[in-house]
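Residue-level listing of the chains:
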Amino acid sequence: MTTTPGDPLRIAYSPCPNDTFVFDALAHGRVPGAPALEVTFADIDLTNGMAERGELDVLKVSYAVLPYVLDRYALLPCGGALGRGCGPLVLAREAGVDLAGATVAVPSERSTAYLLFRLWAADTLPDGFGKIVVLPFHEIMPAVRDGRVDAGLVIHEARFTYRDYGLHKLADMGEHWESTTGLPIPLGAIIARRSLGTERLVGIADAIRASVRAAWDDPEASRPYVRAHAQEMDPSVADQHIGLYVNEFTADLGTDGYAAVRGLLTRAAAEGLLPPLGPNALDFP
């Protein structure tokens, strides 16, 4: 199905507070001149699959999936999630658990979190780790707590809530990334179908930037949308989530943001975890 200029843009992003905060103004027609949206809510592992199948016009995906989709989609320079002090954590029931031979639950093997984990493991676990199992991210902490897995790789608001499960932090993937590269942590990207054409791609990026700025200018306006899609989350946790993942790099990747993305994908390719990027693959029209 081809989207023509008068049609709503078919977009998928997660129900997480950072995404609903970013897209609130755009989704509700409060960005003058912006296209209407037809929104699908889906967790990142589902949107990654949508992108690989070429579904929809605009998607929030893991940076880890970019090498598989950049032939059809362009990376937009805004709207995504990068930052500092916001990386995935490895958790266990007891401090100091040896991961050699351990079963580790991860939210997806096509996630940026998993890439960061593998790069951390390559640098810091001389004996490696045992088996990887994939679980929906909201099931990982209960699985670790209940002893169904030895450790878990967690993302999102789990940074703020893991102690409620009686769990211990073994390592912070973001701290390792930042200490070894000096760059922000790349997590989620916004991509748009290249066939939309340069003019529309630029217009979409401008509309997303305007939506981000509108959310910053009037945070209260986004609260109903954020709360509606994060119903089981404490409002203070939702605010922390937004504060951590919506930042200067959401408005514009900038030099450091692009360097972080390129660095992650280059290092992952060198470890054999991803296919290599083409020289101009990240260029935006």
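For every chain, the first residue of the written sequence is number 1, and numbering continues from 1 along that sequence. Where local features are concerned, this predicted model is filtered to residues with pLDDT of at least 70; where side-chain atom pairs are given and counted, the filter is 80 or more; whole-chain, interface and lining totals use all residues. Each side-chain value is worked out from all heavy atoms of the structure, with water and hydrogens disregarded.

**So, the side chain of Ser14**
- Each helix is a run of DSSP H or I of at least 4 residues and each strand a run of E of at least 2, with the numbering of both proceeding from the N terminus. Note that Ser14 resides in the loop between strand S1 (9-13) and helix H1 (17-27).
- A 1.4 Å probe rolled over the protein chains alone gives each residue an accessible area, and that area as a share of the maximum for its type sets the label: buried under 20%, exposed over 50%, partly exposed in between. For Ser14, a relative accessible area of 8% gives the class buried.
- In protein, a polar contact requires one atom able to donate a hydrogen and another able to accept it; more generally it is a pair of N or O atoms within 3.5 Å, and residues adjacent in sequence count only if both atoms are side-chain atoms. At 3.1 Å, the side chain of Ser14 and the backbone nitrogen of Cys16 are in polar contact.
- In terms of polar contacts, Ser14 uses its side chain to reach the side chain of Asp19, at 2.8 Å.
- Whether two residues touch is decided by their heavy atoms; if any such pair falls within 4.5 Å, the residues are in contact. Sequence-distant contacts of Ser14, defined by excluding residues within four places in its chain, comprise Asp19, Thr20, Phe41 and Ala42.

**Examining the nonpolar core**
- Of all hydrophobic cores here, the largest spans 57 residues; its most connected members are Leu59, Tyr63, Leu66, Phe117 and Trp120.
- With eight residues, the top contributor of residues to this core is helix H4 (residues 112-124).
- Apart from the residues within four sequence positions on either side, Leu59 is in contact with Ala12, Thr47, Met50, Ala51, Tyr73, Ala189, Ile190 and Ile191.
- In plain words, nonpolar cores are sets of buried Ala, Val, Leu, Ile, Met, Phe, Trp, Tyr and Cys residues tied together by side-chain atoms within 4.5 Å. Counting 32 residues, the second largest nonpolar core, distinct from the first, contains Val31, Leu76, Val212 and Tyr225.

**Thoughts on the environment of Arg213**
- Along the chain, the position of Arg213 falls in helix H8 (residues 198-217).
- A residue is classified by how much of its surface remains accessible, and Arg213, at 43% relative accessible area, is partly exposed.

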